[in-house]
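Spelled out, the chains give:
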Amino acid sequence: MTTGFGDSEATVVMWRCLFTTGLERCVLVDYENGAHGLEGTVLMSRDGEALEIDYTINLDRNWRTIDAEVVIVGDETEVFNFEVDRNGRWTIETESGDDPQLLPEAELPIDLDLGFTPATNLLPIRRLDLGIGDSEEITTVWLKYPDMRVQIAHQRYTRLGSDRYRYESPGFSAEITVDEMGLPVEYAGLWERATDS
């Protein structure tokens, strides 16, 4: 579903989680200045704990992450703030009281991968704009689910068809079917679209 969102257009989708009890509402916003944004709310179970996860990601016109915030509410509340400076250096701050973490410059990741949502697969899919049969390896900042730890991850996307991609990371591979926007429709065995886009 596409709706007006101030001086922008917004596409709203819902996904059903297949590996645990869960549902997500996600909004993709395309701003008039060419920038983009993702906002989502995920309700899911983690080892019997009910979680509400809210995230906001701001992207430039080339689908590169500018900054993001993730708020996880369960038995306790966790907050992650991600910021990328103009030189591509990432800073990650939490509400634990620790000093902000500056990721090594040598890694220079571009994409943010939130392990509790299929939404962030959109970022490399749109940024890379692969032709059918093309493949590329990327470096991401990965907020890993279920332990919610941040690490660097190396991943590969291969475009199999007009609406199909293969996602690969060490020890894992899955096929993703997407809509015309690049938003996942089916993420094999993990997520499926609960509503039409």
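Residues numbered from 1 in each chain as written. Predicted model: local features only at pLDDT ≥ 70, side-chain atom pairs only at ≥ 80, totals over all residues. Heavy atoms only, no water.

Caption draft 1: The overall build of the chain, seen in detail. Along the backbone of the chain there are one helix and 16 strands. Buried positions account for 43% of the 197 residues belonging to the chain. Taking contacts inside the chain between residues at least 6 apart in sequence as the whole, the part at least 24 apart equals 41%. As displayed, the chain has an accessible area near 9,900 Å², and 43% of this comes from carbon and sulfur atoms. (Helix = DSSP H or I, 4+ residues; strand = E, 2+ residues; numbered from the N terminus. Buried < 20%, exposed > 50% of the residue type's maximum accessible area, 1.4 Å probe, protein only. Contact = heavy atoms within 4.5 Å. Areas by Shrake-Rupley, 256 points an atom, 1.4 Å probe, with all protein chains shown as cover.)

Caption draft 2: Representation of the environment of Met148. Here Met148 shows up in the loop between β11 (135–144) and β12 (149–161). Accessibility expressed as a relative area gives 4% for Met148, which makes it buried. When the C-alpha positions of Met148 and Phe116 are compared, they lie 9.1 Å apart, and in sequence the two are 32 residues distant. Discounting chain neighbours no more than four positions away, the residues touching Met148 are Arg46, Leu51, Ile53, Ile72, Glu78, Phe80, Phe116 and Leu143.

Caption draft 3: Focus on a negative patch on the surface. Together, Glu69, Glu83, Glu93 and Glu95 make up a region of like negative charge exposed at the surface. Looking at where Glu83 falls in the secondary structure, it is placed in strand β7 (residues 77–84). Using a relative accessible area of 51% as the deciding quantity, one classes Glu83 as exposed. (Patch = residues over 30% accessible without salt bridge, like charges linked within 9 Å, V, L, I, M, F, W, Y side chains within 5 Å. Salt bridge = Lys/Arg side-chain N within 4 Å of Asp/Glu carboxyl O. Lys, Arg positive; Asp, Glu negative; His and termini not counted. Charge placed at Lys NZ, Arg CZ, Asp CG, Glu CD.)

Caption draft 4: How the structure looks around the packing of aromatic side chains. The full count for this structure, using the stated rule, is eight aromatic pairs. Seen in terms of ring centroids, Phe80 and Phe82 are 6.4 Å apart; in terms of plane orientation they differ by 15°. Their pairing is stacked. Each ring, one from Tyr167 and one from Tyr187, has its centre 6.4 Å from the other, and the planes form 65°; the classification is edge-to-face. Taken together, the positions of Tyr167 in strand β13 (residues 164–169) and Tyr187 in strand β15 (residues 184–187) put the pair 20 residues apart, joining distant regions of the chain. (Phe/Tyr/Trp six-rings, centres within 6.5 Å; stacked < 30°, edge-to-face > 60°.)

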